[in-house]
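Next come the chains, spelled out residue by residue.
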Amino acid sequence: MWRSQPDHPPASAPVSRAASLPPGFSPFVVRADTYDLWLRSVFAIVIAALVFNCFLAFVNTRVTGISASHVMLVEVLLIGVGFLLALDRRVDLYVVLTIYLTYMALILAMRPELDLKGIRDGLIPICFYFLGRGVRDIRSVDKLVLACAGIVIAVGLFEYFLLDIFLANININDYYIARGTINAGDNFTEGSDLFISGIRPEGRNFFPFLGIHRVSSVFLEPVSMGNFGAFLGMWALFRKDMARRKLLFAASATVIILGDARFGLFVCIAFFAAFLVYRFVPRVVWWLVPAMFALLLVLYGLSTTQVSWQDNLGGRWFHSARLFLKLDLAGLFGISGVETFLDDSGYAYTLHQFGLIGVVAMWTAFVFVPVRSSDAWRFRALVVTYISLLMVVSNSLYSIKTAALLWLCVGATDVWRGFAADTSAASPEPKAPSRPLQRPRTSRYSAS
């Protein structure tokens, strides 16, 4: 709503009209372009979404106790401010929001108990996607990604090298107990103040000499740390002409190593494979990728004789398949009132929250929504790969800690003109001087 667009007066104004105006009045109204202020506000919201859990953990440890309602209030505030910043004269946001809220009201009305978490899960991508569509220059997004990477690594190094001081001020275990995510005594390591997966008892997968501590930085838990590292690798792979691209690749590796995120490394390898074949794969195949993974989970869960799982990739696949098979017909369509833990299977959790009809509709809109350049589809293919793999092992796709930045980048890429436009913007051809009293015509989505 702050993105004021320049007024475009006619090529020449009648002299008689200008002469008839009182002294000191201009025949044209020139509004200040507040885009820079809007962009800084958007970036502040994204960074706040990244770090607010860490801040609340500090408050819980050093100031006063917090509860789940405090976390919910902060998330609602961030999403609400995000929607205020996303408002403009285009109808796209209002149409999408109306359809989504109407559908969610329908399926929630058919549930025995009201669960508003499903509404929140869908509002995050809608909000930050449309914020991203308002970004004029994708290179400003590069700066935001680098800034977020710097914050995560700085806090992560502080946690690793000064763990006692870190936990004395940010007690992660107590914070998650206070917000109701875990219960006292759930931690796998007795006496540990880290998250329940913050210790790798059998030793690290990467560089065992670094110890058994898995760094979680501002995310407070290693799963999101690994997801963020994979996202950094995805953005660096996609943005071939960004400044400090090699630094972003190094940041991706650093985050994955600090969090000992083997899944993050696996996803990065998948990015390179998708990057090589995305031009040759029809869009409808990309649309079917999650369905293929869901089918494989069902077939594996029905055919395996395994009864227990281990903390490895095969074990996570087995656990996700078992959770997926817990869905009944009502759960498949999002109207089940049975409280079931499905967080470790993103596919099962998504169907339980949105229902099959809603999931198909949202995924179809995501895959087939028009993009402004062929280069933008390259990033869309990488995001499809990221989402499809991530939902095998968790529902962390809906965590605002990493989702805010992801969906802002998706929106900014959709309206981006492509690498060719960035090149031409870097060395523009000389233009004839504009007429007096005329402001240059600019596009809202200009890459310059």
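The preceding data block contains the structure.
Remember, it's a predicted structure, so these values are computed and weren't measured experimentally. (Residues numbered from 1 in each chain as written. Predicted model: local features only at pLDDT ≥ 70, side-chain atom pairs only at ≥ 80, totals over all residues. Heavy atoms only, no water.)

Chemist: Tell me about the overall build of the protein, residues and numbers included.
Modeler: Tallying secondary structure elements over the protein gives 18 helices and zero strands in all. When the 448 residues of the protein are sorted by exposure, 49% land in the buried category. The long-range share in the protein, meaning contacts at least 24 apart out of those at least 6 apart in sequence, stands at 74%. Entry remark: accessible area of the protein is about 21700 Å², with carbon and sulfur atoms responsible for 67%. (Helix = DSSP H or I, 4+ residues; strand = E, 2+ residues; numbered from the N terminus. Buried < 20%, exposed > 50% of the residue type's maximum accessible area, 1.4 Å probe, protein only. Contact = heavy atoms within 4.5 Å. Areas by Shrake-Rupley, 256 points an atom, 1.4 Å probe, with all protein chains shown as cover.)

Chemist: Explain the packing of helix α6 (residues 138-161) against helix α17 (residues 400-414) residue by residue, including any values.
Modeler: Taken N-terminus to C-terminus, the directions of α6 and α17 make an angle of 165°; their axes are 10 Å apart at the nearest point. With respect to α17, the axis of α6 lies roughly antiparallel. For α6 against α17, the interelement crossing comes out left-handed. Here Ile138, Val141, Leu144, Val145 and Cys148 of α6 come into contact with α17, specifically with Leu405, Leu408, Cys409, Ala412 and Thr413. Its residues assigned to classes, the contact of α6 with α17 comprises nine nonpolar, one polar and no charged. (Axes fitted to C-alpha atoms, helices over the stretch in contact; angles between N-to-C directions. Parallel < 35°, antiparallel > 145°, perpendicular 65-115°, else oblique. Left-handed = near helix turned anticlockwise from the far one by under 90°. Nonpolar A, V, L, I, M, F, W, Y, C, P; charged D, E, K, R; others polar.)

Chemist: Got a sec to walk through the packing of aromatic side chains? Specific residues and values, please.
Modeler: For the coordinates displayed, the defined rule picks out 22 aromatic pairs. Arranged with centres 5.0 Å apart and planes meeting at 85°, the rings of tyrosine 160 and phenylalanine 161 form a pair that is edge-to-face. According to the relative accessible area criterion, tyrosine 160 is partly exposed, its value standing at 22%. These aromatic residues form a ring-pair network of at least three members: Trp235, Phe238, Phe379 and Trp416. (Phe/Tyr/Trp six-rings, centres within 6.5 Å; stacked < 30°, edge-to-face > 60°.)

Chemist: Talk me through the nonpolar core; I want residue IDs and the actual numbers.
Modeler: Of all hydrophobic cores here, the largest spans 131 residues; its most connected members are Phe128, Phe228, Phe231 and Trp235. Looking at this core element by element, the count peaks at 14 residues for helix α2 (residues 35-62). Residues within four places of phenylalanine 231 in sequence aside, it is in contact with Val145, Tyr386, Leu405, Leu406 and Cys409. (Core = buried A, V, L, I, M, F, W, Y, C linked by side-chain atoms within 4.5 Å.)

Chemist: For the side chain of lysine 401, give the residues involved together with the corresponding values.
Modeler: Inspection of the secondary structure puts lysine 401 in helix α17. Note on lysine 401: relative accessible area 7%, which makes it buried. A distance of 2.8 Å separates a polar atom in the side chain of lysine 401 from a polar atom in the side chain of glutamate 221. Excluding its chain neighbours within four sequence positions, the residues that come into contact with lysine 401 are Ala49, Leu50, Asn53, Tyr176, Phe219, Glu221 and Ser224. (Polar contact = N/O pair within 3.5 Å; in protein donor to acceptor, adjacent residues only side chain to side chain.)

Chemist: Describe in detail helix α3 (residues 68-86), supporting the description with residues and values.
Modeler: Here α3 spans 27 Å end to end across 19 residues, near enough to the 27 Å set by a 1.5 Å rise per residue. Of the positions making up α3, those classed as buried are Val71, Glu75, Leu78, Ile79, Gly82, Phe83, Leu85 and Ala86. Around the axis of α3, the buried residues are gathered within 165° of arc, so they sit on the same side. Turned more than 90 degrees away from the buried face of α3, the exposed residues are Leu73, Val76 and Leu77. Summarising the contacts, the buried residues of α3 are in contact with α2, α4 (92-109), α5 (117-133), α8 (172-178) and α17. (Expected span 1.5 Å × (residues − 1). Arc of directions from axis to C-beta.)

Chemist: Explain a nonpolar patch on the surface residue by residue, including any values.
Modeler: Residues Leu157, Phe158, Phe161, Leu162 and Ile165 make up a contiguous nonpolar surface patch of about 470 Å² in total accessible area. With three residues, the single largest contributor to the nonpolar patch is α6. Tracing the backbone through its elements, the reader meets phenylalanine 158 in helix α6. (Patch = residues over 30% accessible without salt bridge, like charges linked within 9 Å, V, L, I, M, F, W, Y side chains within 5 Å. Salt bridge = Lys/Arg side-chain N within 4 Å of Asp/Glu carboxyl O.)

Chemist: Provide a residue-level description of the pattern of salt bridges, including the pertinent values.
Modeler: All told, the structure shown has eleven salt bridges when counted by the stated rule. Notably, a salt bridge pairs arginine 120 with aspartate 121, separated by 2.5 Å at the nearest N-O pair. When its relative accessible area of 18% is taken as the criterion, arginine 120 is described as buried. Since its relative accessible area comes to 0%, aspartate 121 is described here as buried. For arginine 378, the salt bridge identified is with aspartate 375, shortest N-O distance 3.7 Å. Here arginine 378 pairs with aspartate 375, and both are found in helix α16 (residues 374-393), just three residues apart, close to one helical turn. Per residue, the accessibility class of arginine 378 equals that of aspartate 375, and both read buried. Linked through salt bridges whose partners overlap, the residues forming this network are Glu75, Lys117, Arg120 and Asp121.

Chemist: Residues and numbers for the state of the cysteines, please.
Modeler: Enumeration according to the criterion identifies zero disulfides in this entry. Cysteine 148 supplies the cysteine sulfur nearest to cysteine 409, a cysteine that is in no disulfide, at a spacing of 8.5 Å. (Disulfide = S-S within 2.5 Å.)

Chemist: Which residues make up unusual backbone geometry, and what values do they have?
Modeler: A negative phi holds for most residues other than glycine; trans holds for most peptide bonds. Unusually for a residue other than glycine, leucine 220 sits at a positive phi of about 70°. Following the sequence through the fold, leucine 220 ends up in the loop between α8 and α9 (222-238). Take leucine 220: its relative accessible area is 0%, and that puts it in the buried class. The phi angle at aspartate 260 is positive, at roughly 50°, despite the residue not being glycine. With respect to the helices, strands and loops of the structure, aspartate 260 is situated in the loop between α10 (245-258) and α11 (262-277).

Chemist: Give me the side chain of threonine 413: which residues, what numbers.
Modeler: One can find threonine 413 in helix α17. For threonine 413, a relative accessible area of 1% translates into the label buried.

Chemist: Could you give an account of the packing of α5 against α17, naming the residues involved and the relevant values?
Modeler: It is the contact of α5 with α17, at a shortest axis distance of 6 Å, that shows an interaxial angle of 40°. When the axes of α5 and α17 are compared, the pair comes out oblique. Crossing of α5 against α17: the hand is right-handed. Within the contact between the two elements, α5 uses Arg120, Ile124, Pro125, Phe128, Tyr129, Leu131, Gly132 and Arg133 and α17 uses Ile400, Ala403, Ala404, Trp407, Leu408, Val410, Gly411, Ala412 and Asp414. Here the contact of α5 with α17 is composed, by residue class, of twelve nonpolar, two polar and three charged.

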